[in-house]
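Each chain is listed here by its residues.
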Amino acid sequence: MSEFDKASDTFVTWLKYNGATVADSVAIKDLRSQNAGRGMVAVKDIKEGDLLFSLPRKILLSEETSELANIPDVKEKLQQLDGWSPLILCMMYESQREQSFWKPYFDILPKEFSTPMFWDQKDLKELAGTSVIDKIGKEDAETLYNETLLPIIKSHPGVFDEKVHNVDLFHVCGSLIMAYSFHDELAVRKRQENDEKDNLDEAEAEAEAEDEDEDSDEEEEEEQGIIAMVPMADMLNHRTGFNNARLFHEPEALQMRAIKDIKAQDQIYNTYGDLCNGDLLRKYGFVDEPNEHDIVEISGDLVLNEGCPKGSSEKEKEAKVTFLLEEEALDDCFVIESNGDVPPELLVCVQVFMMSSQEFSTMLGKRKLPKPKRSAVIMDKIIAILTKRLEQYSGSVEEDEKRLRDSSLSLNQHNSLIVKIGEQLILQKALNQAQAADEHGPKRKKLRK
Ligand SMILES: C[S@@+](CC[C@H](N)C(=O)[O-])C[C@H]1O[C@@H](n2cnc3c(N)ncnc32)[C@H](O)[C@@H]1O
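Not measured: the values here are computed from a predicted model.

Visitor: What exactly am I supposed to notice about the overall build of the protein here?
Guide: A tally of helices and strands in the protein yields 19 helices and 12 strands. When the 449 residues of the protein are sorted by exposure, 31% land in the buried category. Look at the contacts in the protein between residues 6 or more apart in sequence, and 76% of them connect residues 24 or more apart.

This is how it looks when you write it as structure tokens:
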């Protein structure tokens, strides 16, 4: 048996010893030949609703279960941290302890990643033009490490070792959280149980629930849930359109169940969300072909600079931006989905940016956004914006598609090309549609009459 398979076996033995159950219809599979690490497959036919495995809450690794929370002074520090920071610190600590409860789990987690966070400059250059580059956030992450976690690490030399619990380990743990963690709803359930204990009858509870609007409900869930590592549940890979299992958060245990019939030998897939290839690559280090969720982003700055009449003053541009932000029409970027449709808010912003000073002040007086129009002048501007956006990629789709056939490509190069080609094809589709709308639009028709 390979070391890889031995580690998988030790991990499953550890799970079962700690009260997990694993159905005999599933097995862990070595998928390294597909660059997919481990995955889970069906070894027997599975029916929709079947329990695949059940995990007692004590095996979850979080800021509540880590040994770090039992060290009085550190516990207080943990409680003061927010976002991913407490879990990152717990993972940095637990991953380096030989006697950690989670050792068999850490032994099967990867230590290297194919996400752009770890790429060198040469590989990153391949992503030029895509939205991935601006979202990697390596510097921000390192600022968090240096300003928030390092002081805690330094002030507890008996718990941490600055040389071991360093920025490299920080990136490994951060990447694991990004690609493997779950949002555990336990705290939300606790709140609901407490509501019940408060002796509210059902009608009262319903009336109270109706009073809370949806947004505040979401906020509470966000606040009350906790990020946790869920061993085994994170063994499932993702494939767009193939999701056949889901994790159910029960009070005593987390249960992975089939949400479709699954045939023996088929892989069992969770879903990481409806993600475009840029996001799959950035967060998880792989891409899906094809990916119906692909999108392309156009920065608000590009639209502003192309949209405003030449010679517009900075003051006027700023006034237009402020107005559009206040009206919630403008964002950091506009998203074009895989159907290539130009979003109405992009049309509206282009209209406002194109206005003369006088037109703009009249509109400001009315404080009313224009309706999205597809007139010839607007579509000409949209075409100019899409063309400029296409120019941000190095090379054309045809060149990229040709390169994709080169068998000596590295995985990073291949994945970059898939992201780039996906984005450029959407842009071309949008451009074709804009050109067709331009040619057949109302103004052109009028001109031809
Ligand atoms: C939640 S983990 C799944 C378990 C993982 N395969 C392992 O061996 O630890 C997420 C990671 O699995 C890999 N992965 C998931 N789905 C994949 C896919 N369709 N193709 C390639 N890799 C995939 C990626 O490395 C991703 O970051």
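Visitor: Where do I start with the sheet that holds strand β8 (residues 245–249) in this structure?
Guide: The strands that make up a sheet pair up through hydrogen bonds in the backbone, lying either parallel or antiparallel. The four strands lie next to each other as β1-β4-β9-β8, forming an open sheet whose pairing is antiparallel. Strands at the two margins of the open sheet, each flanked by one partner only, are β1 (21–22) and β8. Of the pairings in the sheet, the one linking β8 to strand β9 (residues 253–258) comprises five bridges and is antiparallel in character. Following the sheet pairing, phenylalanine 248 is matched in β9 by glutamine 255.

Visitor: I tried to follow the sheet that holds strand β2 (residues 26–30) on my own but got confused; where do I start?
Guide: In space, the four strands of this open sheet follow the order β2-β3-β10-β7, with mixed pairing throughout. Looking at strand neighbours, the two that pair on one side only are β2 and β7 (237–238), the edges of this open sheet.

Visitor: Can you walk me through the environment of lysine 103 in this structure?
Guide: You can see lysine 103 is positioned in helix α4 (residues 103–106). Placed 89 residues apart in sequence, lysine 103 and tryptophan 14 show a C-alpha to C-alpha distance of 9.4 Å.

Visitor: How should the pairing of strand β10 (residues 267–270) be read in this particular structure?
Guide: If a strand is regular, its side chains alternate between the two faces of the sheet. Sheet topology places strand β3 (residues 38–42) next to β10; two bridges connect them, and they run antiparallel. Bridge pairing in β10 links methionine 40 to isoleucine 268. Relative to β10, β7 runs parallel, the two sharing two bridges. Bridge pairing links histidine 238 to asparagine 270 in β10.

Calculation criteria
- Residue numbering note: each chain is counted from 1, following its sequence as written.
- The model is predicted, so local features are restricted to residues of pLDDT at least 70 and side-chain atom pairs to those at 80 or more, both for listing and for counting; the totals for chains, interfaces and linings are taken over all residues.
- Helix and strand definitions follow DSSP, with helices as H or I runs of at least four residues and strands as E runs of at least two, each counted in order from the N terminus.
- Whether a residue is buried, exposed or partly exposed follows from its count of other C-beta atoms within 10 Å of its own C-beta, namely 20 or more, 12 or fewer, or something in between, respectively; the C-beta atoms are built from the backbone.
- Placing a C-beta atom from the backbone of each residue, one calls two residues in contact when those atoms lie within 7 Å.
- Two strands are said to pair when DSSP picks up at least two bridges between them.

Read these as geometric descriptors, not functional statements.
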